[in-house]
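Tertiary structure, described
Chain by chain, the residues:
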Amino acid sequence: MNFLAVLDEIVAGTLEPLAPRTDAEGRFPREVITALGQAGLLGLVSAAEVGGQGLGLREASAVVSRIAQTCPSTAMVVCMHYCATAVLEKFASEAVRRDVAQGRHLSTLAFSEAESRSHFWAPVSSARADGAEVVLDARKSWVTSAYEADSYVWSSRPMAAEGASTLWLVDAKLPGLSQPGHFDGLGLRGNASTPITAQGVRVAADARLGEDGQGFDIMMGVVLPWFATLNASCSTGLMEGAIRRAAAHVGATRHQHLGSSLADLPTIRAYLARARVRADSVQALVDSTISAVGAGSPDAMLRVLEVKVAAAEAALEVTDVAMRVCGGAAFRKEAGIERLFRDARAASVMAPTSDVLYDFIGKAVTGLPLF
């Protein structure tokens, strides 16, 4: 069966009924993640040689976007898992890769830190050798799926080499890891995004992903294209969900004394038309970015920088339109629109933030070095 057909069954049978609870209770969507794992969708981008489906960024984008139409919290969990998997596929052991491929292992990124904030590529956390082990100390500020994932792709300063960072595979159950607070926020309430503190956490020396000091190159060459594109895919799915719900509402809501629906109003149609154009334009950029990354085009990195900010800002506008055209009805929880409106606010402030990306794009356009 086609992977999207499998996903549609999970969306209809598990995701849609649980999405309101995920948001209302700030509950991690464990049942959905389990279903995705059992269906082989957590192993979507794992290599066929280790039992995965061997698919790529385009298919991952389609999965994240489809999930985000109903539950952006779950979509962000899957987004981060695929980003981590892209690193694990290149550098982790075969045993770890097989567990991911077979849906038994959920992973995520642990890059952002309190001291470097949205500059995720510049960790200040430390890693020091102690015999056959490495000791990690850190204050990670935001980790999606914190204490829900099985592992973290973790960044630190290099131990000895030149460079900005080194990456590690950290078992989420290791002693010394603690969760200083729980997330009770405006949107994306169910993705278990919280800080994690590491105090004297010991990992084996072979838990390193890549060479000492190679972390920055992996972040820019592997993680950023996946994260930016999949984060944008979450925004495109979110916009699709908002437009679909808004269009259904205005088509079904009638002025009985006039014998007409809200959709008969030219102003309403114009608002939705602008939202449709905005969403479709971003989807075209997502598709173009995936093609550029796959082909190794000279403008691939520029597209990567553009796609997240374009999608994040468009999602703010489109969900605002959905709220506007549905009026007071959009404030009702059961409509599902106000949840998407709140969830849309996250992408623009998620590192790298929209403001940081605009600066990078400006540097690229004017020929200045990014870093």
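So, a few notes on the structure that sits alongside this text. (Residues numbered from 1 in each chain as written. Predicted model: local features only at pLDDT ≥ 70, side-chain atom pairs only at ≥ 80, totals over all residues. Heavy atoms only, no water.)

What follows covers the overall build of the protein. Each helix and strand in the protein was counted, giving ten helices and ten strands. For the protein, the C-alpha radius of gyration of 21 Å lies close to 21 Å, the compact-globule estimate for 371 residues. With the principal axes as the frame, the protein shows a C-alpha extent of 80 × 50 × 40 Å. Across the 371 residues of the protein, 55% fall into the buried class. Across the protein, every contact between residues at least 6 apart in sequence was considered, and the portion connecting residues at least 24 apart equals 72%. (Helix = DSSP H or I, 4+ residues; strand = E, 2+ residues; numbered from the N terminus. Rg over C-alpha atoms; globule rule 2.2 N^0.38 Å. Buried < 20%, exposed > 50% of the residue type's maximum accessible area, 1.4 Å probe, protein only. Contact = heavy atoms within 4.5 Å.)

For the rest of this paragraph, the subject is the sheet that holds strand S4 (residues 151-156). Within the open sheet, the four strands sit side by side as S1-S4-S5-S8. Their pairing is mixed. Unpaired on one side and paired on the other, strand S1 (107-110) and strand S8 (208-209) mark the two borders of the sheet. The sheet contact formed by S1 and S4 spans four bridges and is parallel. Counterpart to threonine 108 in the pairing with S4 is tyrosine 152. This element, helix H4 (residues 72-91), spans S1, S4, strand S5 (166-171) and S8 of the sheet and lies at about 90° to S1. (Pairing = 2+ DSSP bridges. Axes fitted to C-alpha atoms, helices over the stretch in contact; angles between N-to-C directions.)

What follows concerns the nonpolar core. It is characteristic of soluble globular proteins that their nonpolar side chains tend to be buried jointly. With 120 residues, the main nonpolar core has Leu36, Tyr82, Tyr152 and Trp154 as its most contacted residues. Counting residues per element, this core draws most heavily on helix H6 (residues 215-252), at 18 residues. Residue contacts for tryptophan 154: discarding those within four places in its chain leaves Ala110, Leu136, Ala138, Lys140, Thr166, Leu167, Trp168, Val170, Leu177, Ile196 and Ala198. (Core = buried A, V, L, I, M, F, W, Y, C linked by side-chain atoms within 4.5 Å.)

Before going further, it helps to examine helix H10 (residues 354-366). If you check H10, its first and last C-alpha atoms are 18 Å apart, about what 13 residues at 1.5 Å a residue would give, namely 18 Å. Those residues of H10 that are buried are in contact with helix H8 (300-326). Taken from the residues just after H10, glycine 367 is the one with a positive phi, measuring 80°. (Expected span 1.5 Å × (residues − 1).)

By the definition in use, this model includes eight aromatic pairs. The interplanar angle of 70° and the centroid separation of 5.2 Å between the aromatic rings of tryptophan 121 and phenylalanine 371 together place this pair among those described as edge-to-face. Of this pair, tryptophan 121 sits in the loop between S1 and strand S2 (126-130) while phenylalanine 371 sits in the segment after H10, and the two are 250 residues apart along the sequence. Overall, tryptophan 121 belongs to the buried group, its relative accessible area being 10%. Measuring from centroid to centroid gives 5.0 Å for phenylalanine 216 and phenylalanine 371, while their planes differ by 85°, and the two rings are edge-to-face. Residue phenylalanine 216 is located in helix H6, and its partner phenylalanine 371 is located in the segment after H10; the two are separated by 155 residues in the primary sequence. Residue class for phenylalanine 371 comes out partly exposed when judged on its relative accessible area of 48%. Taking NZ or CZ as reference, arginine 274 lies 5.0 Å from the ring centre of tyrosine 271, over its face. In this structure, arginine 345 packs its charged tip against the face of phenylalanine 341, placed 3.7 Å from the ring centre. (Phe/Tyr/Trp six-rings, centres within 6.5 Å; stacked < 30°, edge-to-face > 60°. Lys NZ or Arg CZ within 6 Å of the ring centre and 35° of its normal.)

With that out of the way, let us pick up the side chain of histidine 105. Here histidine 105 is to be found in the loop between helix H5 (94-101) and S1. Within the local environment of histidine 105, its side chain forms a polar contact with the side chain of serine 151, the two groups lying 2.7 Å apart. Once you skip the residues sitting within four places of it in the chain, histidine 105 turns out to touch His81, Val96, Asp99, Val100, Asp150 and Ser151. (Polar contact = N/O pair within 3.5 Å; in protein donor to acceptor, adjacent residues only side chain to side chain.)

For the pair H8 and helix H9 (residues 337-344), interaxial distance at closest approach is 9 Å and the crossing angle is 155°. Relative to H9, H8 is oriented roughly antiparallel. Two packed elements cross with a definite hand, and for H8 against H9 that hand is left-handed. Touching Ala315, Leu316, Thr319, Asp320, Ala322, Met323 and Cys326 of H8 are Ile337, Glu338, Leu340, Phe341 and Ala344, all from H9. Across the contact of H8 with H9, the residue classes break down as nine nonpolar, one polar and two charged. (Parallel < 35°, antiparallel > 145°, perpendicular 65-115°, else oblique. Left-handed = near helix turned anticlockwise from the far one by under 90°. Nonpolar A, V, L, I, M, F, W, Y, C, P; charged D, E, K, R; others polar.)

With that out of the way, let us pick up the environment of valine 277. Mapped onto the elements, valine 277 comes out in helix H7 (residues 266-295). For valine 277, a relative accessible area of 54% corresponds to the exposed category. A C-alpha to C-alpha distance of 9.8 Å links valine 277 and valine 318, two positions 41 residues apart in sequence.

The strand order across the open sheet built from four strands is S2-S3-S7-S6, with neighbouring strands paired in antiparallel fashion. Both outer strands of the open sheet, S2 and strand S6 (177-178), are each paired with one neighbouring strand and no more. The pairing of S6 with strand S7 (residues 194-204) spans two bridges and is classified as antiparallel. Paired with serine 178 across the two strands is threonine 197, which belongs to S7.

Next up on the list: unusual backbone geometry. Cis geometry marks the peptide bond from alanine 351 to proline 352; its omega dihedral reads -10°. Following the sequence through the fold, proline 352 ends up in the loop between H9 and H10. Look at leucine 188: it is not a glycine, yet its phi comes out positive at around 45°. Topologically, leucine 188 is positioned in the loop between S6 and S7.

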